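Commentary on secondary and tertiary structure
The primary structure of each chain is shown beneath.
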Amino acid sequence: MIRQPDPKPDVLARRDTIVAGLRALLPEDAVIAEARLLKPYETDGLSAYRQVPLAVALPDTTEQVAAILAFCHRNGVRVIPRGAGTSLSGGALPLEDAVVLGMMRMNRILDINYADRCATVQAGVTNIGITNAVAADGFFYAPDPSSQLACMIGGNVGMNSGGAHCLKYGVTANNLLGLTIVTIDGEVLDIGGDHLDAAGYDWLGLLTGAEGQLAVVTEVTVRILRAPEGARAMLAAFKSNEIAGACVDAIISSGIIPVALEFMDRPAIHACEAFAHAGYPLDAEAMLIIEVEGCQAEQDHLLREIAAICDRFDPISLKVSQSEEESLAIWKGRKGAFGAVGRISPDYLCMDGTIPTSRLPEVLRRIQEMSDSYGLKVANIFHAGDGNLHPLIMFDANDPASFHKAEQFGADILTLCVEVGGCLTGEHGVGVEKRDLMQVQFAPHELEQQRRIKSAFDPDWLLNPSKVFPLQAETATQAGLKRAA
Amino acid sequence: MIHPAATEAEEAIAGTIRAAAAAKEPLLIEGHGTKSGMLRPVQAARTLSTEGLSGITLYAPKELVLQARAGTPLRDIETALAEGGQHLIAEPPDLSGLLGNDKPQTLGGVVASNLSGSRRIAWGAMRDHVLGIRAVTGRAEVIRSGGRVLKNVTGLDLCKLLTGSHGTLGVITEITLKVLPAPPATGTLALPGLDAEAGVRALSAALGSPFSVTGAAWVPPGRVGRVPGLDGLPGGVALVRIEEIPTSVEYRLGRLWEQLAVAGTRLLDTDPSRAVWKAVRDAAPLAPGQDDAVWRVSVRPSAGPSVLAAVAPAGVTGFLDWGGGLVWLTGPADAATHAAVEAAASAQRGTWMLLRAPDTLRGAVRVVPDEPPALARITRAVKASLDPAGILNPGRIYAGL
């Protein structure tokens with residue numbers, strides 16, 4: 001079990017008073033304090049870690065969020081903001097003495113403005129819910145994380161979520177116009193709005209990806225885009241990771257920016273094919289899924305050019321989809337990758353490092369060596385266009401030694417990512433999972449500067465504590481602040 | 001562990017900052033000083049320039065990444081990218097014409113002021129493509145944020161905070177940018193005879209089409225002549241740009257023509273189109289009088305015409321970019337006129353910046369909107385965390401900060 005900060009004894013002792021205080025602020029059914037009902041909130045997408053919280057509050061307005069935060073601030077109670085609980089890095093893992101602030105009731109779409117191509121939604125609207133609300137008019141919301149059916153826009157802001165189409169459309173930060181946030185002392189602030197590029201400091205940019213460390217997001221204004229006339233995928237399979245990597249370089253160098261460029265290694269191909277029967281070539285060492293957009297003629301033109309490039313790399317197979325159905329079939333295996341790996345292994349850890357794309361073959365080779373030495377299987381899925389690598393490490397959670405090895409293996413991979421010039425996390429966030437690895441990427445004084453900025457928003461470190469920053473350092477900063485005070 | 005040591009130049013900057021912090025002596029932070037006329041004037045005894053920090057330190061076209069020292073002239077970067085068939089995505093403007101300074105602007109200056117051109121609406125702002133930053137803070141510490149990879153959510157994003165901070169939070173020393181292949185072709189539809197309302201309706205239809213429009217501007221009658229290639233077009237002119245491979249430019253402009261064309265519509269192919277958008281990017285249609293002030297207002301695109309209408313009685317005029325959302329304005333440089341611009345932007349819940357004015361005016365008025373008190377408290381705390389002695393470009397954005 002990961003080390004957690006000691007619960008505050010005085011908060012635990014005042015549990016009943018705190019619950020009563022929350023009940024006084026919220027409707028009857030919006031505060032959960034019964035052990036049986038708290039159980040579903042004990043974990044998130046990183047299910048190896050569990051902790052039942054002190055209580056759960058389920059606001060359905062920004063004003064209620066403000067009241068809850070002001071109350072917790074006054075009473076020194078830690079707060080864990082939570083959307084759908086899909087975080088793969090433990091971003092919503094509770095603490096024993098913390099109130100979970102569940103945003104799922106704030107699920108209303110407040111405004112859709114086609115003339116200005118933006119929509120304002122509450123933080124608990126799902127990612128796909130935004131696209132669904134505008135799809136009939138031909139629009140969509142661009143970032144599309146794998147969990148988009150469940151994950152909520154508030155969590156997407158917290159983790160600056162990406163998806164498979166970032167190369168063209170960017171990540172969450174690039175698709176936001178405004179936020180309504182509540183600070184820990186209960187102040188409601190509008191950041192940005194329905195226009196581009198507010199003057200003053202870029203709070204919108206700083207708050208995005210801040211993992212709930214600075215404030216609670218209650219409303220989000222996103223850019224919505226008109227969907228292209230169509231999209232089509234192709235599949236290219238190669239004899240080695242090196243050859244597939246060189247092909248990715250050649251495609252980018254040609255000046256074509258595909259809307260998606262996904263890479264799967266041999267174990268990933270096999271797992272996905274067994275699960276989805278998508279027709280993936282089982283004799284290949286590596287496979288690319290490449291998608292382009294435009295009208296039929298534009299798609300034909302781009303796919304023809306890309307196929308010609310792939311041809312120079314002696315592909316084992318090359319399949320250009322001729323229809324939307326064939327494109328869906330090509331994507332089917334990739335989109336089912338997590339389920340597919342879940343079928344061949346009882347448990348897996350989904351890692352999320354980022355590397356310069358040129359280092360891919362070397363990184364995959366070294367991951368394979370680690371896999372052999374740890375005796376744990378790994379399948380690699382890679383957003384090749386943007387360097388985001390997702391190794392899926394397979395282990396058995398019933399065997400503590402296996403889980404421990406998987407965590408070590410994951411840490412080794414992320415350390416390798418930093419070593420080759422990449423970073424610890426591309427889109428899942430640091431959470432609890434990677435907080436102690438932050439020292440691999442940042443020097444102590446750099447972490448200290450980030451912590452000072454956290455302190456500027458949340459001086460008492462009540463918002464989502466024990467995430468992002470190494471634990472020791474977190475307590476040191478607080479002690480330092482107390483001394484300074 | 002990758003903790004590259006500070007370079008010699010960074011050490012020198014850190015030394016200057018350390019001494020200034022100890023003496024509580026403000027420093028004017030600049031590159032070539034081309035933007036010193038923007039925002040509020042800084043009162044400082046000494047200038048700390050990044051001029052000597054020049055050169056591209058990494059260019060990996062296949063990884064869509066370029067890294068350069070902050071004092072590198074932007075045109076050197078544009079040249080290097082052009083040789084690699086790539087470009088700066090945000091198309092940052094060259095405001096030397098407006099700001100009356102013909103020295104070459106530096107990469108650091110463009111990033112520190114987060115200036116983006118017409119492509120902003122389609123492909124993001126300058127800040128969207130800053131992947132990594134090195135900076136010396138007011139604590140004389142060299143810090144890094146981000147990296148050289150396109151996706152990165154490791155820790156708080158200080159790249160965003162430093163970008164657009166106008167040298168008030170740290171001295172940026174090196175920047176890593178995402179770059180993209182430059183589209184081989186471009187073309188523009190020029191739709192004449194449209195007033196601001198009709199013009200923005202046309203732009204909105206174009207931006208709401210499936211054709212990935214990358215430029216959408218409206219130029220009023222009387223200013224059209226300042227844009228090359230538009231001579232002779234009557235009335236206000238709406239401009240719609242496509243940048244793609246040649247076959248796509250032709251197809252998409254053809255489809256937009258079917259939907260939007262009015263009598264006298266002109267189709268500009270690659271070269272004239274590039275000239276048009278360079279002029280729009282650099283605000284050439286504005287051509288302010290010698291003593292006039294210049295404002296940049298940002299509102300939701302459909303509100304652009306209302307802003308123009310609201311400021312007209314104060315003798316303020318301008319043109320629209322970003323589909324109507326970026327309102328470039330010029331008019332008399334006095335407090336009453338400034339208040340009229342501020343009121344017009346605020347009425348549309350927009351934001352604004354006094355981009356150019358005599359020192360007496362820009363030292364006396366708000367140059368960007370005030371923040372609500374709770375946010376202003378955070379601003380002060382964040383500033384203090386990075387620059388506890390308050391010596392980096394004090395007063396540049398907000399008086400007393």
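Everything quoted here is computed from the prediction, not taken from an experiment.

Topic: the environment of Arg 281 of chain B
Residue and element names in this part refer to chain B. Inspection of the secondary structure assignment puts Arg 281 in helix α9 (residues 270-281). The exposure class of Arg 281 is buried, given the 22 C-beta atoms found within 10 Å. With 207 residues separating them along the chain, Arg 281 and Leu 74 place their C-alpha atoms 15 Å apart. The contacts of Arg 281, once residues within four sequence positions are left out, are Glu 91, Pro 93, Gly 117 and Ser 118.

Details of the nonpolar core
Residues and elements named next belong to chain A. Counting 282 residues, the largest nonpolar core has Val 99, Leu 288 and Ile 393 as the members making the most contacts within it. In terms of residues, this core owes the most to one element, helix α15 (residues 400-419), which gives 7 residues. Leave out the neighbours within four places in its chain, and Leu 288 touches Ala 236, Ala 244, Cys 247, Val 248, Leu 261, Glu 262, Phe 263 and Ala 384.

Overview of the packing of helix α7 (residues 196-207) of chain B against helix α8 (residues 246-260) of chain B
All names here are of chain B. At a closest axis distance of 11 Å, the pairing of α7 and α8 adopts a crossing angle of 140°. The angle between the axes of α7 and α8 places the two elements in the oblique class. Read as a crossing pair, α7 and α8 show a hand that is right-handed. Each of Ala 202, Ala 205 and Ala 206 in α7 lies in contact with α8, whose residues at this interface are Leu 256, Gln 259 and Leu 260. Among the residues forming the contact of α7 with α8, the class breakdown is 5 nonpolar, 1 polar and no charged.

A short note on the environment of His 195 of chain A
Looking at the secondary structure, you find His 195 of chain A in the loop between β9 (188-192) and α8 (203-207). Sequence spacing of His 195 of chain A and Thr 357 of chain A is 162 residues, and the spatial spacing of their C-alpha atoms is 34 Å. Apart from residues lying up to four places away in sequence, His 195 of chain A is in contact with Leu 177 of chain A together with Ser 298, Val 299, Arg 300, Gly 325, Gly 350 and Thr 351 of chain B.

What about the sheet that holds strand β3 (residues 56-60) of chain B?
Residue and element names in this part refer to chain B. The strand order across the open sheet built from 5 strands is β3-β4-β8-β6-β7, with neighbouring strands paired in antiparallel fashion. Since the sheet does not close on itself, it has two edges, and those belong to β3 and β7 (142-146), each with one partner. Strand-to-strand twist across the sheet, computed as the mean angle between neighbouring axes with direction ignored, equals 15°. Strand direction decides the pairing type here: strand β6 (residues 130-137) and β7, joined by 5 bridges, are antiparallel. For Gly 132, the partnering residue across the bridge sits in β7 and is Gly 146.

About the thresholds
- Residues numbered from 1 in each chain as written.
- Chains lettered and ligands numbered in written order.
- Predicted model: local features only at pLDDT ≥ 70, side-chain atom pairs only at ≥ 80, totals over all residues.
- Helix = DSSP H or I, 4+ residues; strand = E, 2+ residues; numbered from the N terminus.
- Buried ≥ 20, exposed ≤ 12 C-beta atoms within 10 Å, placed from the backbone.
- Contact = placed C-beta atoms within 7 Å.
- Core = buried A, V, L, I, M, F, W, Y, C linked by C-beta atoms within 7 Å.
- Axes fitted to C-alpha atoms, helices over the stretch in contact; angles between N-to-C directions.
- Parallel < 35°, antiparallel > 145°, perpendicular 65-115°, else oblique.
- Left-handed = near helix turned anticlockwise from the far one by under 90°.
- Nonpolar A, V, L, I, M, F, W, Y, C, P; charged D, E, K, R; others polar.
- Pairing = 2+ DSSP bridges.

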